[in-house]
Amino acid sequence: MTTDQPQTLPATASPIVETDIPARLDRLPWGRFHTLVVVALGITWILDGLEVTLAGTVAGALRTSPVLQFSNADVGLAGSAYLVGAVLGALFFGWLTDRLGRKTLFFVTLTVYLLATAATAFSWNLWSFLVFRGITGAGIGGEYAAINSTIQELVPARVRGWTDLCINGSFWVGAALGALAAIVLLDPAVIDPEYGWRVCFGIGAALAFLIFFMRLWLPESPRWLMTHGRAAEAEAVVAGIEERLRAEGRIIPNMPLSKVRLRTRSHTPLGEVVHTLIHAHRTRTFVALTLMAAQAFFYNAIFFTYALVLTTFYGVPNQQVGWFILPFAAGNVLGPLLLGRLFDTIGRRPMITFTYLASGLLLALTGWLFANGMLTAPEQTLAWSVIFFFASAAASSAYLTVSETFPLEMRALAIAIFYAIGTGIGGVAGPMLFGALIDTGSRTSLFGGYLLGAALMVVAAGVMWRWGIAAERKPLEQVARPLAFTD
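Residues numbered from 1 in each chain as written. Predicted model: local features only at pLDDT ≥ 70, side-chain atom pairs only at ≥ 80, totals over all residues. Heavy atoms only, no water.

Caption draft 1: Representation of the overall build of the protein chain in the model. Regarding its fold elements, the protein chain presents 20 helices and two strands. Its C-alpha atoms give the protein chain a radius of gyration of 22 Å, within 12% of the compact-globule value 23 Å for 487 residues. C-alpha extents for the protein chain along the principal axes are approximately 65 × 45 × 45 Å. Split into buried and exposed, the 487 residues of the protein chain put 62% on the buried side. In the protein chain, the share of contacts with a sequence separation of at least 24, taken over all contacts with a separation of at least 6, comes to 87%. Per element, the accessible surface of the protein chain, about 17,400 Å² overall, is 68% carbon and sulfur. Seen as two clouds, the 32 positive and the 29 negative side-chain charges of the protein chain have centres 6 Å apart. (Helix = DSSP H or I, 4+ residues; strand = E, 2+ residues; numbered from the N terminus. Rg over C-alpha atoms; globule rule 2.2 N^0.38 Å. Buried < 20%, exposed > 50% of the residue type's maximum accessible area, 1.4 Å probe, protein only. Contact = heavy atoms within 4.5 Å. Areas by Shrake-Rupley, 256 points an atom, 1.4 Å probe, with all protein chains shown as cover. Lys, Arg positive; Asp, Glu negative; His and termini not counted. Charge placed at Lys NZ, Arg CZ, Asp CG, Glu CD.)

In structure tokens form, the structure reads like this:
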């Protein structure tokens with residue numbers, strides 16, 4: 001059995017549908033509908049960026065809090081708790097997303113996030129903080145699976161790469177918002193720091209409440225509907241999108257459209273998912289795991305302890321940390337925005353390889369300069385900004401790779417599985433390891449952690465170059481044949 005051609009298991013006797021819905025979605029010109037989809041769903045990453053940044057920037061306040069009195073290790077543990085929750089949430093909600101639909105789950109996961117992040121503001125000790133952060137992570141993890149799959153299935157193939165990278169890069173818009181909020185709310189002259197960090201988490205809940213209403217108008221994914229025996233609903237959704245675009249004056253190309261034949265199903269058995277991952281697409285599985293684990297360690301290890309490095313080694317006051325995050329966030333936003341088009345033109349393999357390799361080599365160089373005391377706090381921040389200009393595009397491309405190289409019926413669960421394993425390997429261990437390294441007070445020890453992160457990115461670059469898939473500008477059904485398709 002080859003690794004390039006998926007082998008489906010015998011199908012049960014279910015109705016066969018013939019439809020041109022995938023081709024109709026891919027031929028659509030970009031319009032207001034697509035922009036609203038990007039805003040209403042992509043804002044998830046702004047939420048995640050806000051959460052992660054707040055957790056990092058309030059680290060000093062958590063340590064000095066008369067109620068919590070966290071150590072550096074406790075701060076790292078809190079970051080790991082968030083990621084453990086994200087892993088479990090991604091798996092559970094990802095499984096439900098493929099069974100119950102994209103739209104249902106992105107409301108459920110947003111609600112979980114809203115309630116948990118609001119509860120975090122009322123934490124009274126380490127364990128309550130860890131529990132609430134874990135549940136918050138579960139909501140965000142579920143969002144990753146539901147949102148990534150929905151966006152992939154609604155965006156035309158010719159701009160799928162750039163759109164996906166920009167949406168994932170919007171994480172850093174949230175990071176900037178979190179940094180600005182922390183600058184004000186952690187300033188003792190403005191508010192008691194013991195209450196300031198609590199208000200920071202309340203901001204996330206308020207933003208989620210607004211997003212809930214923004215999503216009410218979004219349709220279910222037509223691709224998901226057509227595979228679940230709801231072809232008439234899928235047809236109505238696509239017709240509605242086309243009508244909306246024509247009303248805007250957009251010209252929909254009159255071109256021959258290919259049709260697909262598929263056998264409808266209520267769900268995809270987990271055994272078939274395992275078969276597809278381990279046998280039919282085992283090489284793709286290896287590539288996806290490598291990319292996800294490398295970027296998760298690289299990002300989470302560094303960013304969850306970003307504030308601790310500034311306060312411990314450079315003596316930056318807690319309330320000033322936000323100013324150092326703003327240029328860092330700018331580099332992360334600009335990377336996908338400026339490089340994203342190249343993923344659709346030059347191609348996935350060369351661009352993913354390049355961004356991973358550049359990130360790893362630049363981190364190794366910056367780590368050496370840091371270990372030898374050759375950087376000031378502003379210079380360290382500038383170096384990180386340059387590194388993550390490339391690393392942001394690299395990390396976003398990992399999610400792009402996972403979401404477009406596995407079959408439609410298991411897309412959300414595949415995203416969840418690779419996010420969970422990658423984050424479990426690279427993300428949960430990273431903050432704990434770096435928190436412990438920072439506690440030693442040794443620049444050399446921390447440099448060892450940076451070298452490990454750099455090595456993982458370089459290895460991932462080699463794996464992508466050797467076994468990566470050229471998915472640029474191709475329909476999702478051509479990149480990964482759906483399990484329900486019949487010849």
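Caption draft 2: Expanded view of unusual backbone geometry. Positive phi, close to 60 degrees, is recorded for arginine 473, a residue that is not glycine. Examined against the element boundaries, arginine 473 turns out to sit in the loop between α19 (443-467) and α20 (476-479).

Caption draft 3: Looking closely at the nonpolar core. By size, the foremost hydrophobic cluster in this structure holds 143 residues, and its most contacted members are Val309, Tyr314, Tyr356, Trp384, Phe388, Leu446 and Tyr450. Ranked by residues supplied to this core, first place goes to helix α17 (residues 377-404) with 14 residues. Sequence-distant contacts of valine 309, defined by excluding residues within four places in its chain, comprise Tyr314, Phe370, Trp384, Ile438, Leu446 and Tyr450. (Core = buried A, V, L, I, M, F, W, Y, C linked by side-chain atoms within 4.5 Å.)

Caption draft 4: Quick look at the pattern of salt bridges. Across all of its chains, the model carries 15 salt bridges by this definition. The shortest N-O distance in the salt bridge between arginine 27 and glutamate 242 comes to 3.2 Å. Separated by 215 residues along the polypeptide, arginine 27 in helix α1 (residues 21-27) and glutamate 242 in helix α11 (residues 231-247) bring together distant segments of the chain. What emerges from the salt-bridge pattern is a single network uniting Asp20, Arg24, Arg27, Glu235 and Glu242. (Salt bridge = Lys/Arg side-chain N within 4 Å of Asp/Glu carboxyl O.)

Caption draft 5: Examining α11 more closely. Between its terminal C-alpha atoms α11 stretches 24 Å, which fits the 24 Å expected from 17 residues at 1.5 Å a residue. Looking at α11, one finds that the buried residues are Ala234, Val237, Val238, Ile241, Glu242 and Leu245. The buried side chains of α11 occupy one side of the element, clustering within an arc of 130 degrees when seen end-on. For α11, the exposed residues lying more than 90 degrees away from the buried face are Ala232, Glu243 and Ala247. Positive phi appears at glycine 249, one or two residues downstream of α11, with a value of about 90 degrees. (Expected span 1.5 Å × (residues − 1). Arc of directions from axis to C-beta.)

Caption draft 6: Layout of the packing of aromatic side chains. For the coordinates displayed, the defined rule picks out 23 aromatic pairs. Measuring from ring centre to ring centre gives 6.2 Å for phenylalanine 33 and tryptophan 217, while their planes differ by 80 degrees; the resulting arrangement is edge-to-face. Of this pair, phenylalanine 33 sits in helix α2 (residues 32-57) while tryptophan 217 sits in the loop between α9 (193-214) and α10 (222-227), placing them 184 residues apart in sequence. Ring centres of tyrosine 314 and phenylalanine 370 lie 6.3 Å apart, and the angle between their planes is 55 degrees; this geometry places the pair in the tilted category. Note that tyrosine 314 is positioned in the loop between α14 (306-313) and α15 (321-345) and phenylalanine 370 in helix α16 (residues 348-371), a separation of 56 residues in sequence. Residue tyrosine 314 is classed as buried on the basis of its relative accessible area of 17%. Through a chain of ring-to-ring contacts, the aromatic side chains of Phe297, Phe313, Tyr314, Phe370, Phe434 and Tyr450 assemble into a single cluster. A cation sits over an aromatic face here: arginine 349 above tryptophan 465, 4.7 Å from the ring centre. (Phe/Tyr/Trp six-rings, centres within 6.5 Å; stacked < 30°, edge-to-face > 60°. Lys NZ or Arg CZ within 6 Å of the ring centre and 35° of its normal.)

Caption draft 7: Structural detail: the layout of surface pockets. Its boundaries defined by the atoms lining it, the largest pocket holds a volume of some 250 Å³. Forming the walls of the largest pocket are 13 residues, and the residues nearest its centre are Pro22, Ala23, Asp26, Ser258 and Pro475. Put simply, the parts of the chain that give the lining of the largest pocket at least two residues each are α1 and α20. No other element matches α1, which puts four residues into the lining of the largest pocket. Considering only residue class, the lining of the largest pocket consists of seven nonpolar, two polar and four charged. (1 Å grid on protein atoms, 1.4 Å probe; cavity = no way out; pocket = protein on both sides within 12 Å on 5 of 7 lines; lining within 4 Å. Points joined across faces, edges and corners; volume = space filled by probe spheres on them. Nonpolar A, V, L, I, M, F, W, Y, C, P; charged D, E, K, R; others polar.)

Caption draft 8: View of the pairing of strand β1 (residues 16-19). In β1, alternate side chains face the same way, and those of Val17 and Thr19 are buried while those of Ile16 and Glu18 on the opposite face are not. Bridge count for β1 against strand β2 (residues 260-263) is four bridges, and the pairing is antiparallel. Residue pairing across strands places glutamate 18 opposite arginine 261, the latter belonging to β2. (Pairing = 2+ DSSP bridges.)

Caption draft 9: Region of interest: the packing of helix α13 (residues 282-303) against α19. As a packed pair, α13 and α19 sit with axes 9 Å apart at the nearest point and diverge in direction by 155 degrees. Comparing their axes, α19 and α13 come out roughly antiparallel. When the axes of α13 and α19 are compared, the crossing they make is left-handed. Between α13 and α19, the contacting residues are Thr283, Phe286, Val287, Thr290, Leu291, Ala294, Gln295, Phe297, Phe298 and Ile302 on the first element and Gly449, Tyr450, Leu452, Gly453, Leu456, Met457, Ala460, Val463, Met464 and Trp467 on the second. Partitioning the contact of α13 with α19 into residue classes produces 15 nonpolar, five polar and no charged. (Axes fitted to C-alpha atoms, helices over the stretch in contact; angles between N-to-C directions. Parallel < 35°, antiparallel > 145°, perpendicular 65-115°, else oblique. Left-handed = near helix turned anticlockwise from the far one by under 90°.)

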